[in-house]
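Residue-level listing of the chains:
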Amino acid sequence: MTRYILNRLFQSIFVVVGVLLVVFVVLHLTGDPAAMLMPPGASEEVMAVIRQRYGLDKPWPVQLLRFFVGDSFSSPGQTGQTVEVSSYGTGAIEAKMRPLGGAIRGDFGDSLRFIGQPAMPIVLERFPLTVQLMLAAACYATVLSLVLGTLSAVRPYSWVDQSVRTFAILNQSIPNFWLALLLILVFAVYLGVLPAMGYGGWENVVLPAITLGAQSLGRNTRLVRSSVLECLSQEYVRTARAKGVPERTVMAKHVLKNAMMPVVTAWALDVANLFGGAVITESIFGWPGMGRLVVESVTFRDFPTVASAVFFITLVFVGLNLLVDLSYAWLDPRVKLA
């Protein structure tokens, strides 16, 4: 078990480094961030100061090395200096330069939009709001998919089964942005029972959670149905029923537990889908989470904030996948981790 965990941790490091490398290359292919930070018509001298402050005037290999290890081995030479920068709507701001910790310390530098503030704390500040929305969406999708999938499997090809499968396909087919607009139109505009957007009490979570969990609900309902149907046809289930074991015990002990392996794998993959869906959902409903922060940071080419968000999301995703792999041994004792 220890060897397996160490191997997976070693592989996870390569995954995180690969993702960061892709992020660095893609972000720097989009253009000069100094041109986006400064207002139109900024002089070349001011642009040069901005590029010098954020190390954007150095060759790509040097920027890449600094991106990963920071200023651990080479000082930028301007640490401690105060420079004057300008951004949209804020006028001139004096910001003090500081040494960069690099990706190995989770320090990707100061935000280009929130002048003088490190990017990672900004991401961590928004993360609990995104987790709150993701947990609400995951609970909604998980509980409903288990109930509907099991109900559909124990009554195959009945009107209940047909209705559940139609409902699941609809949830998978409807785009998130269209479902969000439809829910706002019905429940906020016509019925007036739920707020259209904003952050506050439980009523603000309902519509974003339904929107964010729709895709997972449709896919997991169909997956639970097929897994339960497969388990119901196994010999150990027929043997348990022949021995007179109550049907509830058969379903809980012999069917649902064995049907959970593919479902648990899908739940782990849902984390990435929920993070991706949160970008659209939070933007539509005005939810002040990390997804909305990423959209705004990409718009302003705020490289440090985007890199910090991607780095953090990758760590969470890799960690959850490791937990899922370890859970296989508990769900099915035949699985040996070596």
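Note that the structure is predicted; figures quoted are calculated from it, not measured.

Enquirer: So what exactly am I meant to see when it comes to the layout of surface pockets here?
Expert: Computed from the structure, the largest pocket encloses a volume of approximately 230 Å³. Around the largest pocket sit 17 residues that line it, and Met134, Leu135, Ala138, Val271 and Leu274 are the ones nearest its centre. The set of elements that each furnish at least two residues to the lining of the largest pocket consists of α5 (119-154), α8 (203-232), α10 (247-285) and α12 (303-331). Per element, the largest residue contribution to the lining of the largest pocket is 8 residues, and it comes from α5. Along the lines of polarity and charge, the residues of the lining of the largest pocket split into 13 nonpolar, 3 polar and 1 charged.

Enquirer: How do you make sense of empty space enclosed by the protein when you look at a structure like this?
Expert: Over the atoms rolls a probe the size of a water molecule, and its path tells where empty space is left. In this structure the tally under the stated criterion is 2 cavities of 30 Å³ or more. Estimates place the volume of the second largest cavity at around 30 Å³. Lining the second largest cavity, in full, are Pro195, Ala196, Met197, Gly198, Glu203, Asn204, Leu207, Pro208 and Phe285. It is α8 that contributes the most residues to the lining of the second largest cavity, 4 residues altogether. Looking at the lining of the second largest cavity residue by residue, the class counts come to 6 nonpolar, 2 polar and 1 charged.

Enquirer: Please explain the side chain of Thr305 as it appears in this structure.
Expert: Structurally, Thr305 is set in helix α12. Here Thr305 falls in the buried class, since its relative accessible area comes to 1%.

Enquirer: How do you make sense of the nonpolar core when you look at a structure like this?
Expert: One recurring pattern in soluble globular proteins is that nonpolar side chains are buried together. Met134, Leu212, Phe275 and Met290 are the most contacted members of the largest nonpolar core, which totals 19 residues. Those elements that provide at least two residues to this core are α5, α8, α10, α11 (290-299) and α12. If one sorts the elements of this core by residue count, α5 sits on top with 7 residues. For Phe275, the contacting residues outside a window of four places in its chain are Phe127, Thr130, Met134, Met290, Ile313 and Val316. Grouped together as the second largest cluster of nonpolar side chains are 15 residues, Ala153, Val237, Ala240 and Val255 included.

Calculation rules
Residues numbered from 1 in each chain as written. Predicted model: local features only at pLDDT ≥ 70, side-chain atom pairs only at ≥ 80, totals over all residues. Heavy atoms only, no water. 1 Å grid on protein atoms, 1.4 Å probe; cavity = no way out; pocket = protein on both sides within 12 Å on 5 of 7 lines; lining within 4 Å. Points joined across faces, edges and corners; volume = space filled by probe spheres on them. Helix = DSSP H or I, 4+ residues; strand = E, 2+ residues; numbered from the N terminus. Nonpolar A, V, L, I, M, F, W, Y, C, P; charged D, E, K, R; others polar. Buried < 20%, exposed > 50% of the residue type's maximum accessible area, 1.4 Å probe, protein only. Core = buried A, V, L, I, M, F, W, Y, C linked by side-chain atoms within 4.5 Å. Contact = heavy atoms within 4.5 Å.

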